[in-house]
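Structural description and commentary
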Number of protein chains: 4
Amino acid sequence: MSDYGPDDEIVHGGPVPVYVQIAGVLRARIKRGDWQPMRPLPGEQRLADEFGVARMTARKAVRVLADEGTVFVVPQRGAFVSAPDQPGSAGDGA
Amino acid sequence: MSDYGPDDEIVHGGPVPVYVQIAGVLRARIKRGDWQPMRPLPGEQRLADEFGVARMTARKAVRVLADEGTVFVVPQRGAFVSAPDQPGSAGDGA
Amino acid sequence: MSDYGPDDEIVHGGPVPVYVQIAGVLRARIKRGDWQPMRPLPGEQRLADEFGVARMTARKAVRVLADEGTVFVVPQRGAFVSAPDQPGSAGDGA
Amino acid sequence: MSDYGPDDEIVHGGPVPVYVQIAGVLRARIKRGDWQPMRPLPGEQRLADEFGVARMTARKAVRVLADEGTVFVVPQRGAFVSAPDQPGSAGDGA
DNA sequence: GTGGTCTAGACCACT
DNA sequence: GTGGTCTAGACCACA
């Protein structure tokens, strides 16, 4: 189930491609700590279902995060949140 | 199809360039709220068809609106109505 | 469906491990030409179904063939019949 | 029209993904000089037609070449053969 | 279940 | 005509 509300609305036909919007939502959740480092994101199909898009679109969103290093993809295992660059030393409240 | 009538007639061969006239019509529609902020304008081809002009003419009209900030253009995505500058401070009922 | 009959019967509880027996059957089919070089073997699930064994058993049988070079495994793609060692030096005419 | 023959056959269901095979064929043509630096490759749809695959598959092949730097893609213009690193000084027959 | 690949369509902006 | 995006299905190996 999703704990997410209107914050995560996806706009079709807008200036930002759907897959980029989804990548942004996922990125925000990761930074917010919803998904912890080394833990898997929901699978492509689940993301597609949640956002109401085709799997290929959800897949492209995950690829955006993988290309920027936010997550890493392990074939047949899932997409995992990368470890933060400098975990804990600054900026996170420690 | 268009919901617009004689109001939007374009005069060819007059003192005002056709693309400026079209820009004026589009600007009026936006201010009237026909097209909402963050939503796309019709594509160049559609505008060209509606006004009976060449694509380059429709393109120039959109550029006028972009230059004045009424719309913003996202390459490969289209032209989108800008958000109003400060919709709350004056004129909107606040 | 399988074109194979009693020839390929597997004996459980005998002196020869089931996966070795299955490897032998598969090896025979390859040598017989049932499966051509560079073509994929049936997937693990299909082999498991055909021989009435667990997926891990089918997997081990394929591994036997891979270890001896009869087939080669490409991750995420399957197991493929290897090209014959030196088909040209003798018997192929070149 | 294609001047290409059996050399460029694509195998479906083989150990190598179709889009990787196509990328290999295109790479070979570029190295062979069929397509000169700064000239465009055929469009995605043409490649798809030539190889008998979906456009998305041809697209992935081009992306492979773009990722490795063999070509560069200009949106709405095409994919262009990159300039060689050191054209002519070594390695090409010296 | 996962991600990887592939098909066969579609609409779009832009050139 | 180009590439960019998107849909809605599919089969597969692998765990």
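Rules used in this analysis
Residues numbered from 1 in each chain as written. Chains lettered and ligands numbered in written order. Predicted model: local features only at pLDDT ≥ 70, side-chain atom pairs only at ≥ 80, totals over all residues. Heavy atoms only, no water. Contact = heavy atoms within 4.5 Å. Buried area = accessible area lost by both parts, 1.4 Å probe. Polar contact = N/O pair within 3.5 Å; in protein donor to acceptor, adjacent residues only side chain to side chain. Nonpolar A, V, L, I, M, F, W, Y, C, P; charged D, E, K, R; others polar. UniProt positions renumbered as here; feature names shortened; annotations may be inferred. Helix = DSSP H or I, 4+ residues; strand = E, 2+ residues; numbered from the N terminus. Pairing = 2+ DSSP bridges. Near = heavy atom within 4 Å. Buried < 20%, exposed > 50% of the residue type's maximum accessible area, 1.4 Å probe, protein only. Arc of directions from axis to C-beta. Phe/Tyr/Trp six-rings, centres within 6.5 Å; stacked < 30°, edge-to-face > 60°. Lys NZ or Arg CZ within 6 Å of the ring centre and 35° of its normal. Axes fitted to C-alpha atoms, helices over the stretch in contact; angles between N-to-C directions. Parallel < 35°, antiparallel > 145°, perpendicular 65-115°, else oblique.

In the nomenclature of an unreviewed UniProt entry, chain A corresponds to GntR family transcriptional regulator from the organism Streptomyces kasugaensis.

What follows deals with the interface of chain A and chain B. Taken together, the seven residues of chain A in the interface contact seven residues of chain B. For the pair chain A and chain B, the summed buried area comes to about 490 Å², and 52% of that belongs to carbon and sulfur atoms. Here chain A and chain B share three residue pairs in polar contact (both at pLDDT 80 or more) between them. When the residues that make up the side of chain A that touches chain B are grouped by side-chain class, the tally is four nonpolar, three polar and no charged.

Under the local residue numbering, the UniProt record ascribes the feature "domain: HTH gntR-type" (unreviewed entry) to residues 16-84 of chain A. Within residues 16-84 of chain A, the helical portion is 52% and the strand portion 12%, while the C-alpha atoms at the span's ends are 27 Å from each other.

Regular strands place their side chains on alternate faces of the sheet. Examined bridge by bridge, strand 1 (residues 71-74) of chain C and strand 2 (residues 78-81) of chain C share four bridges and lie antiparallel to one another. If you follow Val74 of chain C over to strand 2 of chain C, its bridge partner there is Gly78 of chain C.

This part takes up the protein's contact with DNA strand E. Looking at DNA strand E, there are 34 residues lining it, with Arg55 of chain A, Arg59 of chain B together with Val18, Thr57 and Arg77 of chain D nearest. Counting only atoms of DNA strand E within 4 Å of the protein, the sugar-phosphate share comes to 69%. Within the side chain of Arg55 of chain D, one N or O atom sits 3.0 Å away from a base nitrogen of DNA strand E. The contact in question runs from a sugar or linking oxygen of DNA strand E to an N or O atom on the side chain of Arg77 of chain D, over 2.6 Å. Secondary-structure elements contributing two or more residues to the surface near DNA strand E are helix 2 (44-51), helix 3 (55-67), strand 1 (71-74) and strand 2 (78-81) of chain A, helix 2 (44-51) and strand 1 (71-74) of chain B together with helix 1 (18-32) and helix 3 (55-68) of chain D.

Note that an α-helix has 3.6 residues per turn; residues three or four places apart therefore point the same way. Residues and elements named next belong to chain C. Where helix 2 (residues 44-51) is concerned, the buried positions are Leu47, Ala48 and Phe51. Here the buried residues of helix 2 occupy an arc of 100 degrees about the axis, which is enough to place them on one side. Seen from the buried face of helix 2, the exposed residues on the opposite side, beyond 90 degrees, are Arg46 and Asp49. Once helix 2 finishes, Gly52 follows within two positions and takes phi at roughly 65 degrees, a positive value.

Residue and element names in this part refer to chain A. This model, assessed by the stated rule, comprises four aromatic pairs over all chains. Between the aromatic rings of Phe72 and Phe80, the centroid separation amounts to 5.8 Å while the plane-to-plane angle is 25 degrees, which identifies the pairing as stacked. Classification of Phe72 as partly exposed rests on a relative accessible area of 31%. For Phe80, a relative accessible area of 14% corresponds to the buried category. A cation sits over an aromatic face here: Lys60 above Tyr19, 4.5 Å from the ring centre.

As a structural note, the neighbourhood of DNA strand F is formed by 35 residues, with Val18 and Thr57 of chain A, Arg59 of chain C together with Glu44 and Arg55 of chain D the closest of them. In DNA strand F, atoms within 4 Å of the protein come from the sugar-phosphate backbone in 69% of cases. Arg55 of chain D is positioned with one of its side-chain polar atoms (N or O) 2.6 Å from a base oxygen of DNA strand F. In the model, a phosphate oxygen of DNA strand F is placed 2.9 Å from a nitrogen or oxygen of the Arg59 of chain D side chain. When residues of the surface near DNA strand F are traced back to their parent elements, those giving at least two are helix 1 (18-32) and helix 3 of chain A, helix 2 and strand 1 of chain C together with helix 2 (44-51), helix 3, strand 1 (71-74) and strand 2 (78-81) of chain D. It is helix 3 of chain A that provides the largest number of residues to the surface near DNA strand F, a total of four residues.

Residue and element names in this part refer to chain B. As for its position among the elements, His12 is in the segment before helix 1 (18-32). Taking the relative accessible area as the measure of exposure, His12 reaches 51% and is therefore exposed. With 71 residues separating them in the primary sequence, His12 and Ala83 have C-alpha atoms 32 Å apart. The contacts of His12, once residues within four sequence positions are left out, are Val18 and Val53.

Moving on: the packing of helix 2 of chain A against helix 3 of chain A. Residues and elements named next belong to chain A. The interhelical angle for the contact between helix 2 and helix 3, taken along N-to-C directions, is 110 degrees, at an axis separation of 8 Å. As judged from the angle between their axes, helix 2 and helix 3 are roughly perpendicular. Along its contact with helix 2, which presents Glu44, Gln45, Leu47 and Ala48, the element helix 3 presents Arg55, Ala58, Arg59 and Val62. Across the contact of helix 2 with helix 3, the residue classes break down as four nonpolar, one polar and three charged.

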